[in-house]
Amino acid sequence: MPDNHSGTSTFFWNVASVRMDLPKAPLLSQQVKIKDAKYWNADIKFHTKQKNDRAILKSFTEMEALGFMPDSSTLPLVIKACARLEAIEQGKKIHFNIQKTRLIHDIRIKTALLDFYCKCGFVGDASGLFDEMGEKDIVSWNAMICGYVVNSLFEDAIALSFQMKKNKVKLNSVTLVGLLSACTELVECKLGQEIHCYCLRNGHFDSNIHVGTSLIGFYARFNTQLSRFVFDSMVVESVVSWNAMISGYHNAGEFSEALDLFVQMLVFGVRPCSVTMLMTIQSCVNLASPQLCQQVHQFTFKCGFSSDIYIENALINMYAKRDNLESSVKIFKNMHIRDIASWNAMIFAYKIGGYYEKAFNLFTRMQLEDIKGDIATFATTLQVCGQCSCVEKTKALHAYMIKNGLEMNDSIQNALLSAYANLNCVELARKVFSRTVKLDVVSWNTLISALIHEKLIAEAWKLYHWMRDSSIRPNSFTMVTLLASCMGESFLNIGRSIHGYAIRHGLDMNSSLCTALTEMYMNCGDETTGRFLFESFPDKDLVSWNSIIASYVQNGQPTEAFSLFHKMQSRMTPNLATMVNVLSACGSLANLLLGRTLHGYTVRRKLALEQDSSLENALIVMYSKCGSIRIAEKIFQNLQKKDIITWNSMIAGYGMHGHVKDALYIFYQMQSVGIRPTGVTFVSVLSACSHSCMVEKGWELFHSMSRDYGITPEVVHYACLVDLLARAGHLGEAKKFIDSMPVEPDPCTWRALLGACRVYSDIELAKTASEKLLELEPMNVGNYILISNVYAAVGKWDEVERLRIQIKEMSLRKDPGLSWLVVKDQVHQFMAGDVSHPETEKIYRKLSFLTCEMIESGYVPDLSWTLYDLEELGVKRRI
């Protein structure tokens, strides 16, 4: 070490005056010719006060190059700067250089090294250094405990605190804050409460605000009421404690309480910080109040946070999620500085608003302005490509990521897999899956889901078995995905095996899995188990209710659907999906009065959103099925935004009422506004032609499917044309058409032909059709009854008797037909000969009176379409 020069004291204060920006500083700094150890130590301390870590390390490097070493009070400052900057090599070098000097024995330096290793993730090195320390003070113990917490080694942190107590080192506020963090992460309620008691006994709670704030965060993990009790008990409060309580409410989903506390904070005169505003904005996102969002936005201006980039980004997200894209765009355009999060927020805003083209254009603009996107950018843009059904853009984006070396990222690969799956590009999804280096449960689930969506059920199950053989364990979402493939009674045992696997392996029986299991049992014919599961699940959410209501609607039990709907209303508020389901049930019941009531309910609740026409579509279908085609027409005409489902619903409605000209008019009008028909459209318009026997028009439309619109006819379209020809009496032509079909006829096709054979008494063709029908559906009792009625219509009673015996031998049973009547919102169901109703006597007396009145008025029943009852021994008795 060089000798100290004379005049060091004066020289030191001259340097200090430079750092204090005194008027003579520049002149004095120019006079400095020699810089000794005291100068560098003072320089490092000055930069520490200025919180300039890079300047600290620069001064240390220059000092080291001149052969000087910081003293024991300065060296910890350098090591702490290394920790904050994660200058790992420099920190390790300092440790190595002082190994054989007296500095290594200084407890402050060792503690600083402990903190450095912990913050840089080298917990093993820190632990080894801690064990070597002969003398340990409270700061050393705290550094090691907090180091364990920072590195998520919470059990080690708690174990070390017990060792600390054994060594009779008294815990202070820093120790307690670290331990409370560990208890929060480990969900150690009992130990956290013991620490709370320790704080109260030793006066830490009242004297240290950080302890109180940590207790607020700890209790918020379990119960916000306990957290609020701690908050209200605090003697010393600051904005940090208010933030902790607001954050607790927000994380618990109690957004109204979070905003109420924010208002209370302002009333008490506590000035919010940027963290407060961020949490308040995030709470606003989850509350449906546009006025509240605007008030919070205005408040950020008053508090001077309008130029805070983090708050501006949060505001963009807030307005986007509250369907106010215009405000999001305005904030983005007025931002003076934008970071990558700003661009991501705006792309996300366009995505959730449904403006996929604008979202992709904004991503393109980023590239033109040479702004490099991060993982979130590409993941969101891939979602945009998937939702706008643009395969070419997805491929282009994929190529861009390969070129820039981003494809190998796990999150990006899963996003790519999901995008191709959403686009129904199974082959491309398979390729991405096969190239993914680190497959996780999300990767497997995504591809399994894509295969099931494309009806590749066998391949999906094969992939699932590969997944089980790999190191990846299936989770609840895997089970939900597999359950979606279980449709029909033949899949019931498979569904049960999935249920059993979930129980045996302790999978999280969350709301999604319980809902999927309920749907599976309902769709596979085990209504009892499905209903039991639904009733026994304690945490039923809106999705669970909607799912079981939809299952009852799809399974032809609208009465049960309405019963559940009324039960649901006493527990939670129905949403858009609920009303679509119950409107469908209402259409099945043909209950116009109830339909109008539901329509009024949706208007009062303001459920009809411009962005989603599903409710209006459901209303059109409901009014059509309830016989009020004019109201359906009015809703259709008043709709400003019509999607393909809207047009299809109106065409089907007109066809149902026999208004074939109106159906065709809507069909051509749809094309004039630029909407191309789909396969479903042609099913509706061909059915309309069938009901009016418009054979030539039907043929024309059928041929135009592939010729003009590139739609390959499916079996349902062939069945529609067979029905059209058969209804018009062209039975021979219908049979020739079936024989020439490029696809195998389904049961509906043969049933359409068989039904017409009965009307036109073509017994020979009926035999052929019945043989084919029974080949395809040998266990469907309805087919036997239809064939029996064909024979009965031409007087072949021996054949009718033979079929009756066959039905009995096969133990087949027809579900009885039901009629219903709605009186004061209550549905009354009846079967033929039913005497179960409490008012049976009055009903039959009234029915007898009406029958006599009809006969006296000259009514003569048309028996040509009357069915025959095969359940009775008297086969010739008409129902």
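Residues numbered from 1 in each chain as written. Predicted model: local features only at pLDDT ≥ 70, side-chain atom pairs only at ≥ 80, totals over all residues. Heavy atoms only, no water.

### Comments concerning the overall build of the chain
No. 1: Summing up its helical and strand segments, the chain has 50 helices and 2 strands in all.
No. 2: The C-alpha radius of gyration of the chain comes to 38 Å, more than 25% above the 29 Å expected for a compact globule of 879 residues.
No. 3: Looking at the chain residue by residue over its 879 residues, the buried ones come to 45%.
No. 4: Across the chain, every contact between residues at least 6 apart in sequence was considered, and the portion connecting residues at least 24 apart equals 59%.
No. 5: Just so you have it, the chain exposes about 46,200 Å², and 54% of that area is on carbon and sulfur atoms.
No. 6: Here the chain contributes 89 positive and 89 negative side-chain charges, whose respective centroids are spaced 5 Å apart. (Helix = DSSP H or I, 4+ residues; strand = E, 2+ residues; numbered from the N terminus. Rg over C-alpha atoms; globule rule 2.2 N^0.38 Å. Buried < 20%, exposed > 50% of the residue type's maximum accessible area, 1.4 Å probe, protein only. Contact = heavy atoms within 4.5 Å. Areas by Shrake-Rupley, 256 points an atom, 1.4 Å probe, with all protein chains shown as cover. Lys, Arg positive; Asp, Glu negative; His and termini not counted. Charge placed at Lys NZ, Arg CZ, Asp CG, Glu CD.)

### Focus: the packing of aromatic side chains
No. 1: Going through the model one piece at a time under the given rule, you end up with 25 aromatic pairs.
No. 2: Ring centres 5.2 Å apart and planes at 80° place the aromatic pair Phe-332 and Trp-343 in the edge-to-face group. With Phe-332 in helix α21 (residues 325-334) and Trp-343 in helix α22 (residues 340-352), this residue pair connects regions lying 11 residues apart in the sequence.
No. 3: Classification of Phe-332 as buried rests on a relative accessible area of 4%. (Phe/Tyr/Trp six-rings, centres within 6.5 Å; stacked < 30°, edge-to-face > 60°.)

### What about the confidence of the model for the chain?
No. 1: Per-residue pLDDT for the chain averages 83, and the proportion of residues at 70 or more is 91%.
No. 2: Mean pLDDT across the elements of the chain bottoms out in helix α1 (residues 8-19) (35) and peaks in helix α30 (residues 476-483) (92).
No. 3: Every residue in residues 1-33 scores below 50 in pLDDT, and together they form 27 contacts with partners more than four places removed in sequence or on other chains.
No. 4: Low confidence marks residues 867-879, where pLDDT is under 50. Its contacts with residues over four positions away, or in another chain, come to 31 contacts. (pLDDT = per-residue confidence, 0-100.)

### Here's the deal with α21
No. 1: For α21, every residue scored as buried is listed here: Leu-325, Ser-328, Val-329, Ile-331 and Phe-332. Buried residues in α21, looked at end-on, bunch into an arc of 165°, giving them a common side. Among the exposed residues of α21, those oriented more than 90 degrees off its buried face are Glu-326, Lys-330 and Lys-333.
No. 2: Buried residues along α21 sit in contact with α19 (290-302), α20 (309-321), α22 and α23 (356-368). (Arc of directions from axis to C-beta.)

### What about α22?
No. 1: Between the first and last C-alpha of α22 there are 18 Å, a value that for 13 residues agrees with the 18 Å anticipated at 1.5 Å per step.
No. 2: Those residues of α22 lying buried are Ser-342, Trp-343, Asn-344, Ala-345, Met-346, Ile-347, Ala-349, Tyr-350 and Lys-351.
No. 3: Here the buried face of α22 lies against α20, α21, α23 and α24 (375-387).
No. 4: Residue Asp-339 occupies the N-cap position of α22, its side-chain oxygen lying 3.2 Å from the main-chain nitrogen of Ala-341.
No. 5: Immediately beyond the C-terminal end of α22, within one or two residues, lies Gly-354, with a positive phi of roughly 85°. (Expected span 1.5 Å × (residues − 1). Polar contact = N/O pair within 3.5 Å; in protein donor to acceptor, adjacent residues only side chain to side chain.)

### Details of the side chain of Asn-414
No. 1: Within the secondary structure layout, Asn-414 lies in helix α26 (residues 410-422).
No. 2: Overall, Asn-414 belongs to the buried group, its relative accessible area being 13%.
No. 3: The contact partners of Asn-414, leaving out residues within four places of it in the chain, are Asp-440, Val-442 and Ser-443.

### Observations regarding the nonpolar core
No. 1: Met-144 and Met-346 are the most contacted members of the largest nonpolar core, which totals 155 residues.
No. 2: Among residues more than four places away in sequence, those in contact with Met-346 are Ile-316, Leu-325, Ser-328, Val-329, Phe-332 and Leu-362.
No. 3: Of all hydrophobic cores here, the second largest spans 88 residues; its members include Cys-586, Tyr-718, Val-790 and Val-800. (Core = buried A, V, L, I, M, F, W, Y, C linked by side-chain atoms within 4.5 Å.)

### Considering the packing of helix α27 (residues 426-435) against helix α28 (residues 441-453)
No. 1: As a packed pair, α27 and α28 sit with axes 10 Å apart at the nearest point and diverge in direction by 160°. The angle between the axes of α27 and α28 places the two elements in the roughly antiparallel class. Between α27 and α28 lies a crossing whose hand is left-handed. Along its contact with α27, which presents Val-426, Ala-429, Arg-430 and Phe-433, the element α28 presents Ser-443, Trp-444, Leu-447, Ala-450 and Leu-451.
No. 2: Looking at side-chain class alone, the contact of α27 with α28 contains 7 nonpolar, 1 polar and 1 charged residues. (Axes fitted to C-alpha atoms, helices over the stretch in contact; angles between N-to-C directions. Parallel < 35°, antiparallel > 145°, perpendicular 65-115°, else oblique. Left-handed = near helix turned anticlockwise from the far one by under 90°. Nonpolar A, V, L, I, M, F, W, Y, C, P; charged D, E, K, R; others polar.)

### A word on the pattern of salt bridges
No. 1: Scanning all chains against the criterion turns up 21 salt bridges.
No. 2: Here Arg-727 makes a salt bridge to Asp-723, at a shortest N to O gap of 3.0 Å. In this pair, Arg-727 and Asp-723 are both assigned in helix α44 (residues 715-727), 4 residues apart and thus about one turn of the helix distant.
No. 3: The shortest N-O distance in the salt bridge between Asp-739 and Lys-735 comes to 2.9 Å. Taken together, the residues Asp-739 and Lys-735, both in helix α45 (residues 731-739) and 4 residues apart, mark about one turn of the helix.
No. 4: The exposure class assigned to Lys-735 is buried, which follows from its relative accessible area of 19%.
No. 5: Three or more residues are tied together by salt bridges with common partners; here these are Arg-531, Glu-535, Glu-560 and Lys-567. (Salt bridge = Lys/Arg side-chain N within 4 Å of Asp/Glu carboxyl O.)

### Some remarks on a nonpolar patch on the surface
No. 1: The grouping of Val-263, Val-267 and Phe-268 at the surface amounts to a nonpolar patch, some 340 Å² of accessible area in total.
No. 2: Within the element layout of this structure, Phe-268 appears in the loop between α17 (255-267) and α18 (274-285). (Patch = residues over 30% accessible without salt bridge, like charges linked within 9 Å, V, L, I, M, F, W, Y side chains within 5 Å.)

### Quick look at the side chain of Asn-581
No. 1: If you trace the backbone, Asn-581 turns up in helix α36 (residues 576-589).
No. 2: Classification of Asn-581 as buried rests on a relative accessible area of 17%.
No. 3: Excluding residues within four positions of it along the chain, Asn-581 makes contact with Asn-546, Ile-549, Ala-550 and Val-553.

### Observations concerning the packing of α24 against helix α25 (residues 391-403)
No. 1: The interhelical angle for the contact between α24 and α25, taken along N-to-C directions, is 160°, at an axis separation of 9 Å. It follows from the interaxial angle that α24 and α25 lie roughly antiparallel. In this structure, the crossing between α24 and α25 has a hand that is left-handed. Residue-level contacts link Phe-378, Thr-381, Leu-382, Cys-385 and Gly-386 of α24 to Lys-393, Thr-394, Leu-397, Tyr-400 and Met-401 of α25.

### Digging into the environment of Thr-175
No. 1: By the element assignment, Thr-175 lies in helix α11 (residues 173-186).
No. 2: For the pair formed by Thr-175 and Asn-142, sequence separation is 33 residues and the distance between their alpha carbons is 5.5 Å.
No. 3: If sequence neighbours within four positions are ignored, Thr-175 has contacts with Ile-138, Asn-142, Ile-145 and Met-164.

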